[in-house]
Amino acid sequence: MKTKLTSFKTKTKAFTILFALFAFTSWSQQTVSGNVSDEEGPLPGASVIIKGTTRGTTTDFDGNFTIEANASDALQVSYIGYEPQSITVGNQIQLNIILKAGNKLDEVVVIGYGTQRKSDLTGSVASVSSEDLTQVPSSRVDQVLQGRAAGVQVTQVSGAPGAGTAIRVRGGNSITGSNEPLWVIDGIVVGTNFNLNNINASDIKSIEILKDASSIAIYGSRGANGVVLVTTKNGVGIGSGKPEVSVNIYTSMQMLPELPDLLTQEEQIAFTNESAEFRSAAIPFPDAPSSYPDNDWVDLLLGPAPIYNADISISGASDNVNYYNSINYFNQEGIVKSSGLEKFIFRSNLDIKLNDKLKAGLRINYSRINQDNGLTSFGSAAFGILRTQPIFNDDGTYNGFNDVVGSPFSNPLANIELNTNETFTNNLLGTVYLEYRPAPDWTIRSTFSPEFNNTKQNRFTSSQSPGNLAIGVTDGGTASVRTVASTGWNNENTIQYQKDLNENNSITVLAGASFQKVSTEITEAEAFGITSDATGFNNLGNSDPARSIVTSGYNGFQIASFFGRINYDYKDKYLLTLVGRTDGSSVFAPGNKYEFYPSIAGAWKISEEAFLQEQTFFKDLKLRASWGRSGNQAIGPYRTLGVLTEANTTLNGFEVPGLTLGRPSNPNLKWETTTSFDIALEASMFEGRLFTEFNYYQKETNDLLLDVTIPRQTGFTSQLQNVGSLENKGWELLVTSTNVTNDNFNWNTTLTLASNKNKILDLGGQEFIDVVVDPIIGSGNTRLIVGESVPVFTGVNYLGTWKSQEEIDASGLSSQVVGGARFEDLNGDGIISTEDNVVLGSPLPDLIFGFENSFSYKNLDFSLFFQGTTGNEVYNLRMRNHYFNRGETVKFGDLRDRWTPSNPTSDIPRAGADSVTNTPSNSEYVEDGSHVRLKTARVAYNFPVEKMGWGDSVKNMSVYLSGSNLLLFSDFRLIDPEQNNFGRTGLGNIAQGYANGSYPNPRVITLGMNVTF
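Here we summarise the structure given alongside this text. (Residues numbered from 1 in each chain as written. Predicted model: local features only at pLDDT ≥ 70, side-chain atom pairs only at ≥ 80, totals over all residues. Heavy atoms only, no water.)

**Some thoughts on the overall build of the protein chain**
Basically, it comes down to this: A run of H or I in DSSP counts as a helix once it spans at least four residues, and a run of E counts as a strand once it spans at least two, with each numbered from the N terminus. What the globule rule says is 2.2 Å times the number of residues to the power 0.38, and the radius of gyration is computed from C-alpha atoms. Burial classification: accessible surface area is computed with a 1.4 Å probe over protein chains only, and a residue below 20% of its type maximum counts as buried, one above 50% as exposed, and the rest as partly exposed.
When helices and strands are tallied, the protein chain shows 11 helices and 54 strands. Relative to the compact-globule value of 31 Å for 1013 residues, the protein chain shows a C-alpha radius of gyration of 33 Å, a close match. Each of the three principal axes of the protein chain carries a C-alpha extent, and together these read 145 × 65 × 65 Å. Within the protein chain, the proportion of its 1013 residues that are buried is 51%.

Encoded structure:
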């Protein structure tokens, strides 16, 4: 009995202990809520399991979860493609967990109307993170994209404050239409010419560039030139209702870059006198050089200039709300006096979860831009004025006459003091959306996005202009006011069904409709004969009313679109994407308004196959291919219609106003269509430490819109028609690697390489079309030629100088002189003309590249980023006046070694010979544009806030020193080959690579600080 009793007591004690433990465990359990996200947003379907058990849950659409757990439990949080995290519950009841992507292929990227894991992409998408965007402070986000994305060529057209870039995604597809990509900001289609000064780079979370047919087809007629998706920040992941405050402050100093080598004052005087003597003209400078002014106009008009920037953001999230608000002030003075940019930008992003099925939000971005457009230019300062030109007259007034040329002189210092040219712009870009999930697999979303843009430009030229006063002209001043008011809205409606059909099959179906309307009104008033400078442009009535000009205009367009996409996934190995979009535009005539754009793409995750499961070299390996069509509207409103223009006539002996048809109509105009094919291989190797992506693509654009010559009997010389075609093909390579990684030191490398070959296939039956870019040279220096790129530089071959009269006599050419420029008479007709032209080069590079190395050692970060091009040529428009022309203009330093009787072997023309040879476009104008630029160098120190005892109030803090455009390796005479005289629109759409001494790109040193509280 004793044994049994002891056994009973023992069992009772054990049971009592177990019961107490159970009771304690039950008592200490708590409900834990949380949110799982990555840097881009919520992660629906993430797994949350109590470590060591099978108890767990998954996150909902917004990344939220609820679970019962003990204080001692650890939650294991995981999501496919992300590094798992383990979090001990403790006394926390609200957890906000941010997962990091496990490797490059598992990053989440933004695509048209949604997001997707990079490993699931079937199209070509390049991503640029917010860290890349903020490495170098800049007034425009497009400037920072340069060299960051393979296959995307970004060219800075000018170094002026706020100047834009020309962007070509896998080459240009059009001749008449725009070649710029479509910009989409938070789902809002803002077009190809949106002023990116309106956006603060610090507000941007990520940028994705859609490049192939599968990616861009969802944007149909808008996407042929690529699509740039900009996603701004929100408050996801901050959590607990406590706001996060971030402050970014920096100041920069812009310094003059290396400038072109020009003749000194003494050398210029010798050249000018020599030129006059050769022409038997009066010697302009008979006295000693020291008796004449020596004004360094570059030094007088250019100088170091500061930049100031401050922005602050407040963001946060709770169970049902996340928000991001920011304000930015930016002020940049230009290195060329009288130029500058001042910006104020406010942004507010808000997302509200109204209930378990309904979500709403808004995006507001307001900007105010004040721009000083400049009253002089680097080109006119460096090349247009001899150093001997006096600034002031003897009485102290500004000089306005050039004695060497014998004509009025536009004095840039007087222009800066007396004149005005300024632009003010207000832009409001907004979005409101409503998202409804009637069931877990369904998402219905509708957005409405208005945009209001108002621009006012004021210009005033003083009545005291010294150029006019010097020749006795007292017409008074001129002033103009130009306003542009643009209003537009965009409505997007989508419905998405996403379902795992079974263990092996999943599908996502998207359908939508989009509607957009834009209207623009332009008003301009110009007044002449303003006798007083007191009111300037503020009182245009103070002028000669008989000479006033008032103009106005209106244009607008509407687009209606219907689109759909199907994504199918089989066993997470085989992926298929089908996309179709129909666009209708008001700019085309009935019968041609609508066009359908389809695409198909597939991908094979080779690394998921059984035969690769035993190897360890590849972590991920994917092959993908796509084919599809996209479009380009290519023309502005009303181009299908004839246009009436003013034409006065005589009636009963009196001149009366009338109208005539100024342009023939063509109701048959239709969309330009680009058909493209892309094949790519993506690989992640060595446990994800090395990622590579190689793309090959081919695009053909048909129905190019060109001005075609028509019979004169029609009353016109040309008509816009769909007749041409061109081709782009090339390859891209992206390599990212983690070279070294440990607790104290990390080293990462990124390399982008791309090559694109552009070729005209047809010009409507014509062999070539001349493009006039220089009215002095006329036609022939730029051509569109079947079989060549768009465009090519053309001209005659420069053969050096004539060394003897015998050479001239044997050539059969007339009006040539010993020491003068010698050109190849290709057809032997004894005349140098456009008939002797050959292709001299192309502005399109053989290779564009970017190369970055970033290092971190403990709390120090350091990075170097190089970018550049090889194989492109630049057409130097300054060569006519500053290499070949007479002595009235500034000359390149090369002319120190010009032909003279004592230097008879030189191939540089003698002074003054241009008046005899009348220099045509020639090979000496075309120079190698290959270059390497140290785009960015940056060092930063990250304060150890926890060790310093600041952890309760400061989340992170860093200071940095950065430099941009610090080094440039180039053989170009004008130093920097990255410029385009014709900008990015109009003629600049195709006439890239023309240099005219534009506003130089400064070297910039920046000191900044980032603090997050």
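Read on for the rest.
**Structural notes on the pattern of salt bridges**
Note the cut-off: When a carboxyl oxygen of Asp or Glu is within 4 Å of a side-chain nitrogen of Lys or Arg, the pair counts as a salt bridge.
With the rule as written, the count across this model stands at 40 salt bridges. One salt bridge in this structure joins Glu435 and Arg445, with 2.8 Å as the shortest N-O distance. With a gap of 10 residues between them, Glu435 in strand 25 (residues 420-436) and Arg445 in strand 26 (residues 442-461) connect regions that are remote in the sequence. Arg445 gets classed as partly exposed once you look at its relative accessible area, which sits at 30%. Through salt bridges with shared partners, a single network forms among Arg170, Lys211, Lys622, Arg624, Asp678, Glu682, Glu693 and Glu732.

**A few points about the sheet that holds strand 7 (residues 85-88)**
Keep this limit in mind: Paired strands, in this sense, are two strands between which DSSP finds at least two bridges. Here an axis means a line fitted to C-alpha atoms, over the contact stretch when the element is a helix, while the angle between two N-to-C directions is reported on a 0 to 180 degree scale.
Judged by pairing direction, the sheet is antiparallel, and its 4 strands sit side by side in the order 4-3-6-7 without closing on themselves. Two strands lie at the open edges of the sheet, namely strand 4 (56-58) and strand 7, each paired on one side alone. Averaged over neighbouring strand pairs, the angle between their axes works out to 20° when direction is ignored. Bridge count between strand 3 (residues 47-50) and strand 6 (residues 74-78): 4 bridges; the pairing is antiparallel. Looking at the pairing, Ile50 lines up with Leu75 of strand 6.

**Let's talk about unusual backbone geometry**
Between Val790 and Pro791 the backbone carries a cis peptide bond, its omega angle lying at -10°. When you line up the elements, Pro791 lands in the loop between strand 42 (782-785) and strand 43 (792-795). Residue Glu687 is not a glycine yet carries a positive backbone phi of 60°. The topology assignment puts Glu687 in the loop between strand 37 (672-685) and strand 38 (690-709). Residue Glu687 is classed as exposed on the basis of its relative accessible area of 57%. Here the phi dihedral of Lys858 falls at roughly 55°; this positive angle occurs in a residue that is not glycine. With respect to the element layout, Lys858 can be found in the loop between strand 47 (847-857) and strand 48 (860-870).

**Some details on empty space enclosed by the protein**
We apply this condition: Only protein atoms enter the 1 Å grid used here. Points where a 1.4 Å probe fits but cannot escape make up a cavity, open sets with protein on both sides within 12 Å along at least five of seven lines make up a pocket, and a residue lines them when an atom lies within 4 Å of a point. Grid points are joined across faces, edges and corners, and a volume is the space filled by probe spheres set on the points.
In total, this model carries 7 cavities of 30 Å³ or more according to the counting rule given. What the largest cavity holds in volume is close to 650 Å³. Around the largest cavity, the lining is made up of 48 residues, and of these Gln153, Thr155, Pro843, Leu844 and Pro845 lie nearest the centre. For the lining of the largest cavity, the secondary structure elements donating two or more residues are strand 12 (152-156), strand 13 (165-169), strand 40 (745-763), strand 47, strand 48 and strand 49 (873-876). Top contributing element to the lining of the largest cavity by residue count: strand 40, with 6 residues. Its boundaries defined by the atoms lining it, the second largest cavity holds a volume of some 480 Å³.

**Brief notes about the sheet that holds strand 53 (residues 994-995)**
Reading across the sheet, the 3 strands line up as 50-49-53 and stay open at both edges, with mixed pairing between neighbours. Both edges of this open sheet fall to strand 50 (926-928) and strand 53, since each of them pairs with a single strand only. Bridge count between strand 49 and strand 50: 3 bridges; the pairing is antiparallel. Bridge assignment links Val874 to a residue of strand 50, and that residue is Glu927.

**Describing the packing of aromatic side chains**
The cut-off we apply is this: The aromatic pairing rule takes the rings of Phe, Tyr and Trp, using the six-membered ring of Trp, and pairs them if the centres are within 6.5 Å, calling planes under 30 degrees apart stacked, those over 60 edge-to-face and the rest tilted.
The full count for this structure, using the stated rule, is 31 aromatic pairs. The interplanar angle of 85° and the centroid separation of 6.5 Å between the aromatic rings of Tyr597 and Trp671 together place this pair among those described as edge-to-face. Here Tyr597, found in strand 31 (residues 594-605), pairs with Trp671, found in the loop between strand 36 (659-663) and strand 37; they are 74 residues apart in sequence, far enough to count as distant. For Tyr597, a relative accessible area of 0% translates into the label buried.

**A closer look at the pairing of strand 47**
Relative to strand 47, strand 40 is paired through 10 bridges, and the arrangement is antiparallel. Residue pairing across strands places Thr750 opposite Glu852, the latter belonging to strand 47. Bridge count between strand 47 and strand 48: 11 bridges; the pairing is antiparallel. Pairing of Ile848 across the sheet is with Thr869, part of strand 48. Here strand 47 folds back onto strand 48 in antiparallel fashion, the turn holding 2 residues, of which Lys858 has a positive phi close to 55°.

**Examining the environment of Val945**
Positionally, Val945 belongs in the loop between strand 51 (931-942) and strand 52 (956-969). By relative accessible area, which is 6% here, Val945 ends up buried. When the C-alpha atoms of Val945 and Phe330 are compared, they prove to be 28 Å apart, with 615 residues separating the residues in sequence.

**Comments concerning the environment of Thr577**
Selection rule: Here a residue-residue contact requires only that any non-hydrogen atoms of the pair lie within 4.5 Å. Here a polar contact is recorded for every N or O atom pair within 3.5 Å, except that within protein the pair must consist of a potential hydrogen donor and a potential acceptor, and residues adjacent in sequence are included only if both atoms are side-chain atoms.
Checked against the element boundaries, Thr577 lands in strand 30 (residues 574-585). When the C-alpha positions of Thr577 and Gly536 are compared, they lie 61 Å apart, and in sequence the two are 41 residues distant. Excluding residues within four positions of it along the chain, Thr577 makes contact with Thr122, Ser214, Arg565, Ile566, Asn567, Ser599, Ile600 and Ala601. Side-chain polar atoms of Thr577 contact the side chain of Asn567, separated by 2.9 Å.

**What about the side chain of Asn35?**
Residue placement: Asn35 occurs in strand 1 (residues 30-38). For Asn35, a relative accessible area of 9% puts it in the buried group. Setting aside residues no more than four positions away along its own chain, Asn35 makes contact with Asp62, Gly63, Asn64, Phe65, Gln94, Leu95, Asn96, Ile97 and Val236.

**Considerations on helix 4 (residues 265-278)**
Note the threshold: Residue count minus one, scaled by 1.5 Å, sets the expected span of a helix.
For helix 4, which comprises 14 residues, the first-to-last C-alpha distance of 20 Å matches the rise-based estimate of 20 Å (1.5 Å per residue) to within 8%. Along helix 4, the residues classified as buried are Gln265, Gln268, Ile269, Phe271, Thr272, Asn273, Ser275 and Ala276. Ser280 sits one or two positions beyond helix 4 and adopts a positive phi of about 60°.

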